[in-house]
Amino acid sequence: MSRGPGVRLCLHWLVDLSDAHLADAVADLRLGLRGAGVEEAPGARDAHAVLVWRDTPPGPALVDRLARLGVPVVLAGPTLAADPDGAWTGHTGLVTGPVTPAHDVRVRAGRDAGGMAARLVDHRHGTGAHLGEHVHVHDRVLRVEQVDDDVAVLLTAAVGLAVHPVASRRGPVLAWLLGGTPTGVASPTARRLLLLALHELVAATGRPASAPRTPVRAALLGYGAIGHEHAAAFREVTGLGLELVCDRNPERLAAAREVSPGLRTTTDAAAAVEDPDVDLVVVSTPPDTHAEWALRAVRAGKHVVVEKPFAIRTEEADAVLAAADEAGVLAVVYQNRRWDPDYLAVARAVRSGRLGEVFHVEAFVGGFGHPCNLWHSDVDASGGAFYDWGAHVIDQLLDLFPAPVAHVSATTHKRRWFDVTNADHSRVLVHFADGAEAEFTHSDLAAALKPRWYVLGTAGALVGSWRVERVVSRNAVGTLEEDVLAPADSPPVLDLHDADGSVTRLATPSAPPHPFHRELADHLLLGLPMSVTGATSRRVLAVMEAASASAADGGRPVVPR
Ligand SMILES: NC(=O)c1ccc[n+]([C@@H]2O[C@H](COP(=O)([O-])OP(=O)(O)OC[C@H]3O[C@@H](n4cnc5c(N)ncnc54)[C@H](O)[C@@H]3O)[C@@H](O)[C@H]2O)c1
């Protein structure tokens, strides 16, 4: 099976906005949707739906013309609010009232949300039904005073104790009451909701649009330490499904079946990556085998998620990306630490401009201790010292600095742990074309820890300090037991230092569960962009490869390939 990501939807736009900011936001939305594979039809009759986004009253001619078209119509943004005479009322089945000011709108599934309800949630507040599941959009709400019985209510928002539909459908007419403000239009959440509603509209009106089959059926190749995490994500994220697990170790297959009863399992990796009932393969074997299995999967027409690191050499990643391009499938790396709470806070602080121009970042992970005797500590299987934590932290550093990498210099030390082949201590310095620099140190010989983050900007600094946390309990005879967590098991504490000496402790935001897999589902099913792409991980790999070459040559500067 070969299928490119993205939906096959075709829209005709009728935009007439006097508010220049809103018009700009809608133009950006159109561009974004085009990037997500939504096409634009020059004529209304060739489209799956006509999108009307206007802030002036419609006039009877427009309403009549659209009603006679025989094509589903979306009345979006301020279109209904700008219709004081109720020209659209006969079509929407809604009698509308005044508009609220813009605020943090909590959008919930309406009584007729159907499949949309499951795809909606990004906040689940406690288990109390009164809090429930919703998404946040900064927008205004058009109060709806009356809803006809034949209106399907897809999404709602509460204003006071009254619940108002913010997306509803009557036959072929979708009233999309969000998108009345530039921030409401620009929000990725609102864009995602609009795509879900467009699919509902097109499916309900029986117009053939090609939407990918759901759920996307995944095979996990390698069910080791990270196996449960992927299995849970494929079980829990709507739109994804776990079809098959492959591991050559039968005990690991038994572990997989224990958490997913009834799961299909196999020890035959070659058959798994070509299985006709599989749409996507997760390659979660040791790093030196990633490229080979990823290549086999994409050549079989499967989307592929490769565990980090992408591969050992850049030409292997290039071969995977080229084959994926040719097959029209996705190849992406599981860079899950993009959603670590401390990284989210660091990225937010850097991008907010509070630190001024950021020109120097140091990152550190490690401690003092014997590395494990598994493949992780073996140069050939793992790629070497830069590839394990480096695959995460260099990804974070490159995400912070969009400028091209000018060159990389690196050093390693082998001084104590001689029964494993990876270096005991490694340090890589990335020089960017604009003069900024980022350094990452990983050490198994650090009896004292450097901060996790040390970020300098022209207006301030940010320091992320490791926490040493303990889990305290009693053993079977009642004596106290203390389990000291590895520093990397607790998110560091982040302090922002202003130029005037004041220090602010930053909140560390938490992402919704399985953020990577949620983006994966949205990409494959709705065409929305992912934060991580094959190209960003290829850039990480090129830096790790250059660091290895530099360290092998006494720290000589190396330009990544
Ligand atoms: N993203 C993260 O946070 C994260 C965390 C841990 C590991 N990883 C990555 O995940 C990958 C796996 O790491 P792990 O710690 O789970 O390793 P692991 O050694 O615990 O598991 C690897 C599994 O792959 C199986 N396997 C290897 N070759 C196979 C083959 N040809 N056919 C079938 N099964 C095969 C092994 O039997 C084993 O069960 C690595 O690339 C690692 O870097 C990522």
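Quick notes on the rules
- Residues numbered from 1 in each chain as written.
- Predicted model: local features only at pLDDT ≥ 70, side-chain atom pairs only at ≥ 80, totals over all residues.
- Heavy atoms only, no water.
- Near = heavy atom within 4 Å.
- Polar contact = N/O pair within 3.5 Å; in protein donor to acceptor, adjacent residues only side chain to side chain.
- Areas by Shrake-Rupley, 256 points an atom, 1.4 Å probe, with all protein chains shown as cover.
- Nonpolar A, V, L, I, M, F, W, Y, C, P; charged D, E, K, R; others polar.
- Domains from an automatic or database assignment.
- Helix = DSSP H or I, 4+ residues; strand = E, 2+ residues; numbered from the N terminus.
- Pairing = 2+ DSSP bridges.
- Axes fitted to C-alpha atoms, helices over the stretch in contact; angles between N-to-C directions.
- Contact = heavy atoms within 4.5 Å.
- Salt bridge = Lys/Arg side-chain N within 4 Å of Asp/Glu carboxyl O.
- Buried < 20%, exposed > 50% of the residue type's maximum accessible area, 1.4 Å probe, protein only.
- Core = buried A, V, L, I, M, F, W, Y, C linked by side-chain atoms within 4.5 Å.
- Expected span 1.5 Å × (residues − 1).

### So, the site of the ligand
Phase 1: Neighbouring the ligand are 23 residues; Ala225, Asp247, His290, Lys308 and Trp375 lie closest to it.
Phase 2: Between the ligand and aspartate 247, the relevant distance is 2.5 Å, taken from an oxygen atom to a side-chain nitrogen or oxygen of the residue.
Phase 3: Threonine 285 places a polar main-chain atom, nitrogen or oxygen, 3.3 Å from an oxygen atom of the ligand.
Phase 4: Protein chains bury 84% of the 840 Å² of accessible surface belonging to the ligand in isolation.
Phase 5: Its residues placed into classes, the shell around the ligand shows 9 nonpolar, 9 polar and 5 charged.
Phase 6: For the shell around the ligand, the two domains that each supply at least three residues are domain 2 (216-334) and domain 3 (338-552).

### Remarks on unusual backbone geometry
Phase 1: Proline 309 follows lysine 308 through a cis peptide bond whose omega is -10 degrees.
Phase 2: Positionally, proline 309 belongs in the loop between strand 17 (303-306) and helix 11 (314-327).

### Here's the deal with the sheet that holds strand 14 (residues 240-246)
Strand pairing within a sheet occurs via backbone hydrogen bonds; the two strands may be parallel or antiparallel.
Phase 1: A sheet is described by the order of its strands in space; here 6 strands give the open sequence 15-14-13-16-17-18, paired in parallel fashion. The open sheet terminates on both sides in strands that have one partner only, identified here as strand 15 (264-266) and strand 18 (331-333). Across the sheet, the mean angle from the axis of one strand to that of its neighbour is 25 degrees, orientation sign disregarded.
Phase 2: Here 4 bridges tie strand 13 (residues 216-221) to strand 16 (residues 280-283), and the two strands are oriented parallel to one another. Opposite leucine 220, over in strand 16, you have valine 282 as the bridge partner.
Phase 3: Seen against the sheet, helix 7 (residues 227-236) touches strand 13, strand 14 and strand 16 and runs at an angle of roughly 175 degrees to strand 13.
Phase 4: The strands touched by helix 10 (residues 290-299) are strand 13, strand 16 and strand 17; relative to strand 17, the strand with the most contacts, the crossing angle is about 165 degrees.

### Details of the domain arrangement of the chain
By convention, interface size is frequently given as the accessible area that disappears when the constituent parts associate.
Phase 1: Taken domain by domain, the chain consists of domain 1 (10-204), domain 2 (216-334) and domain 3 (338-552).
Phase 2: If you average the C-alpha positions of domain 1 and of domain 2, the two centres end up 37 Å apart.

### Comments concerning the side chain of histidine 392
Phase 1: For histidine 392, the location among the structural elements is in helix 14 (residues 389-400).
Phase 2: Look past the residues within four positions of histidine 392 in its chain and what remains in contact with it is Lys308, Gln335, Asn336 and Arg337.

### A few points about the environment of leucine 242
Phase 1: If you trace the backbone, leucine 242 turns up in strand 14.
Phase 2: Measuring from C-alpha to C-alpha, the distance between leucine 242 and valine 99 comes to 44 Å, with 143 residues separating the pair along the chain.
Phase 3: When sequence neighbours within four positions are dropped, the list of residues in contact with leucine 242 reads Ala218, Leu220, Ala231, Phe234, Ser260 and Leu263.

### Here's the deal with the pattern of salt bridges
Phase 1: Summed over all chains, the structure comprises 32 salt bridges.
Phase 2: With a shortest N-O distance of 3.8 Å, aspartate 277 and arginine 217 are connected by a salt bridge. Of this pair, aspartate 277 sits in the loop between helix 9 (269-272) and strand 16 while arginine 217 is found in strand 13, placing the two residues 60 residues apart along the sequence.
Phase 3: We classify arginine 217 as buried; its relative accessible area is 15%.
Phase 4: A salt bridge links lysine 450 to glutamate 362; the nearest nitrogen and oxygen atoms lie 3.1 Å apart. You can see lysine 450 sitting in the loop between strand 22 (437-443) and strand 23 (453-457) and its partner glutamate 362 sitting in strand 19 (residues 358-366), a full 88 residues away along the chain.
Phase 5: Using a relative accessible area of 31% as the deciding quantity, one classes lysine 450 as partly exposed.
Phase 6: The structure contains a network of salt bridges with shared partners spanning Arg313, Glu315, Glu316, Glu545 and Arg561.

### As for the pairing of strand 27 (residues 493-498)
The two faces of a sheet get side chains in turn, since along a regular strand they alternate between them.
Phase 1: Where strand 24 (residues 460-465) meets strand 27, 6 bridges bridge the pair, whose relative direction is antiparallel. Bridging across to strand 27, leucine 462 finds its partner in leucine 496.
Phase 2: As paired strands, strand 27 and strand 28 (residues 503-505) are joined by 3 bridges and run antiparallel to one another. Its bridge partner lying in strand 28, aspartate 495 is registered against arginine 505.
Phase 3: The hairpin formed by strand 27 and strand 28 contains 4 residues between the paired strands, and glycine 501 there has a positive phi angle of roughly 95 degrees.

### Here's the deal with the nonpolar core
Phase 1: Counting residues in hydrophobic clusters, the biggest one holds 77 residues, and the most contacted among them are Val428, Phe432, Phe440, Trp453, Val455 and Leu462.
Phase 2: Once you skip the residues sitting within four places of it in the chain, valine 428 turns out to touch Phe386, Ile394, Val408, Ser409, Ala410, Ala438, Glu439, Phe440 and Ala547.
Phase 3: In terms of nonpolar packing, the next biggest core, distinct from the first, is built from 44 residues, Leu51, Leu120, Val141 and Leu194 among them.

### Remarks on helix 14
Phase 1: When the terminal C-alpha atoms of helix 14 are compared, their 17 Å separation across 12 residues agrees well with the 16 Å that a helix rising 1.5 Å per residue should span.
Phase 2: Regarding helix 14, the residues found buried are Trp389, Gly390, Ala391, His392, Val393, Ile394, Asp395, Gln396, Leu397, Leu398 and Leu400.

### What about the sheet that holds strand 24?
Phase 1: As summarised here, the arrangement of the 8 strands in space is 20-21-22-19-23-24-27-28, forming an open sheet in which the pairing is mixed. Only two strands of the sheet have a single neighbouring strand rather than two, namely strand 20 (405-413) and strand 28. Ignoring which end each strand starts from, the neighbouring axes of this sheet average 10 degrees apart.
Phase 2: Along the sheet, helix 14 contacts strand 19, strand 20, strand 21 (425-432), strand 22 and strand 23; its crossing angle with strand 22, the most-contacted strand, is approximately 165 degrees.
Phase 3: Of the strands in this sheet, strand 20 and strand 21 touch helix 16 (residues 534-552), which is tilted by about 50 degrees from strand 20.

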